[in-house]
Amino acid sequence: DQQVKQNSPSLSVQEGRISILNCDYTNSMFDYFLWYKKYPAEGPTFLISISSIKDKNEDGRFTVFLNKSAKHLSLHIVPSQPGDSAVYFCAAAATFGNEKLTFGTGTRLTIIP
Amino acid sequence: GAGVSQSPSNKVTEKGKDVELRCDPISGHTALYWYRQSLGQGLEFLIYFQGNSAPDKSGLPSDRFSAERTGGSVSTLTIQRTQQEDSAVYLCASSYGQGFSGANVLTFGAGSRLTVL
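Residues numbered from 1 in each chain as written. Chains lettered and ligands numbered in written order. Predicted model: local features only at pLDDT ≥ 70, side-chain atom pairs only at ≥ 80, totals over all residues. Heavy atoms only, no water.

Q: Please explain the overall build of chain B as it appears in this structure.
A: The helix and strand tally for chain B stands at 0 helices and 11 strands. Listed N to C, the secondary structure of chain B is β-β-β-β-β-β-β-β-β-β-β in terms of helices and strands. Across its three principal axes, chain B shows a C-alpha extent of roughly 40 × 25 × 25 Å. Here chain B holds 117 residues, and the buried ones make up 50% of them. A separation threshold of at least 6 residues defines the contact pool for chain B, and within that pool the share at least 24 residues apart is 54%. Per element, the accessible surface of chain B, about 5,400 Å² overall, is 45% carbon and sulfur. (Helix = DSSP H or I, 4+ residues; strand = E, 2+ residues; numbered from the N terminus. Buried < 20%, exposed > 50% of the residue type's maximum accessible area, 1.4 Å probe, protein only. Contact = heavy atoms within 4.5 Å. Areas by Shrake-Rupley, 256 points an atom, 1.4 Å probe, with all protein chains shown as cover.)

Right under this line is the structure:
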């Protein structure tokens, strides 16, 4: 049972344009959401997060949007840069009584120069 | 150390052999996690430690898998009688403690790639 889903395994975007990565979840107990970025042969690194009490969180070129009613979140990267090419994982947690992150399967983002 | 250190970075073994994977978390991090990523899959939770105890072992796929943590620091993941389906990248992560926030996120190591022939 995949509780966190990233339905697009890959995405290609022109440099300078906006990249939008999507994530859906099924567990209504999830109340904290994170995006991780992974380069080949490296571990995932934390990118940005959002609590369920907010619907938007922005950090520089990265913005995460949360739509609780739709159980959907998205990561916007603007403008996209070649160094953004990586695999992006969406993750979710139910912060009371459950200390683990549940990850999606990842989306490989390729920025075309 | 400055980051989460895992060893070995690569391990090739024959089916039926036992393997041990080691994780050195960031100093001071009380929480430690093991995940694995099989080819084409997401990160699958295996086990979580708070200090030396493991409140959540729900992700361990079979009784061939076990993990321990000593001194609130180093952790070892042991896979007995390895099978080909155990081939994956095993990732360790650590954090300061319970709960998630912008100030308390998981920091991952580079992983140990296990190949079972």
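The discussion continues.
Q: Looking at this structure, I do not really get the interface of chain B and chain A. What am I missing?
A: How big an interface is tends to be reported as the loss of accessible area on association of its parts. Counting residues at the interface gives 21 residues for chain B, matched by 20 residues for chain A. Connecting chain B to chain A are 0 salt bridges. Taken together, the links from chain B to chain A amount to 3 residue pairs in polar contact (both at pLDDT 80 or more). (Salt bridge = Lys/Arg side-chain N within 4 Å of Asp/Glu carboxyl O. Polar contact = N/O pair within 3.5 Å; in protein donor to acceptor, adjacent residues only side chain to side chain.)

Q: What am I meant to see in the pairing of strand β4 (residues 31–37) of chain B here?
A: Every other side chain in a regular strand lies on the same face of the sheet, so the side chains alternate between the two faces. Residues and elements named next belong to chain B. Within β4, 7 of the 7 residues are buried, which leaves the element mostly enclosed by the surrounding structure. Judged by which residues are buried, β4 turns out to be covered on both faces: Ala31, Tyr33, Tyr35 and Gln37 on one side and Leu32, Trp34 and Arg36 on the other are all buried. Strand direction decides the pairing type here: β4 and strand β5 (residues 43–50), joined by 7 bridges, are antiparallel. Across the sheet, Arg36 pairs through a bridge with Glu44, a residue of β5. (Pairing = 2+ DSSP bridges.)

Q: Hey, could you run me through the nonpolar core in this one?
A: The nonpolar side chains of a soluble globular protein tend to be buried, and buried together. If you look at the biggest cluster of nonpolar residues, it comprises 24 residues, and the most contacted ones within it are Phe33(A), Trp35(A), Leu73(A), Leu75(A) and Tyr88(A). Breaking this core down by element, the ones donating at least two residues are β3 (19–25), β4 (32–38), β5 (45–51), β7 (62–67), β8 (72–77), β9 (86–93) and β11 (107–112) of chain A. Per-element tally for this core: the top contributor is β9(A), with 4 residues. Non-local contacts of Tyr88(A), meaning those with residues more than four positions away in its chain, are made with Gln6(A), Leu21(A), Trp35(A), Tyr36(A), Lys37(A), Leu47(A), Leu75(A), Ile77(A), Gly106(A), Thr107(A) and Leu109(A). Ranked by size, the runner-up nonpolar core spans 21 residues in total, among them Leu34(A), Phe45(B), Tyr48(B) and Val105(B). (Core = buried A, V, L, I, M, F, W, Y, C linked by side-chain atoms within 4.5 Å.)

Q: How should I be thinking about a nonpolar patch on the surface in this particular structure?
A: Among the surface-exposed residues, Ile18(A), Ile20(A) and Val78(A) lie close enough to one another that they form a single nonpolar patch of about 230 Å² accessible area. In this fold, Ile20(A) is placed in strand β3. (Patch = residues over 30% accessible without salt bridge, like charges linked within 9 Å, V, L, I, M, F, W, Y side chains within 5 Å.)

Q: Would you mind showing me how to read the pattern of salt bridges here?
A: Between side chains of opposite charge, a pair can form when the charged atoms approach closely. Residue and element names in this part refer to chain A. On inspection of all chains with the given rule, the structure shows 6 salt bridges over all chains. Measuring nitrogen to oxygen at the nearest pair gives 4.0 Å for the salt bridge that ties Lys56 to Glu58. Residue Glu58 is classed as exposed on the basis of its relative accessible area of 51%.

Q: What is the right way to read the state of the cysteines from this model?
A: Disulfides are covalent bonds that connect the sulfur atoms of two cysteines. Residue and element names in this part refer to chain A. Per the stated rule, a full pass over the model turns up 2 disulfides over all chains. There is a disulfide in this structure between Cys23 and Cys90, and the S-S distance comes to 2.0 Å. Taking the torsion about the sulfur-sulfur bond, which here is approximately -75 degrees, the covalent link between Cys23 and Cys90 counts as left-handed. Placement of Cys23 in strand β3 and of Cys90 in strand β9 is noted, with a sequence separation of 67 residues between them. The class of Cys90 is buried, set by a relative accessible area of 1%. (Disulfide = S-S within 2.5 Å.)

Coordinates in, geometry out; function isn't part of it.
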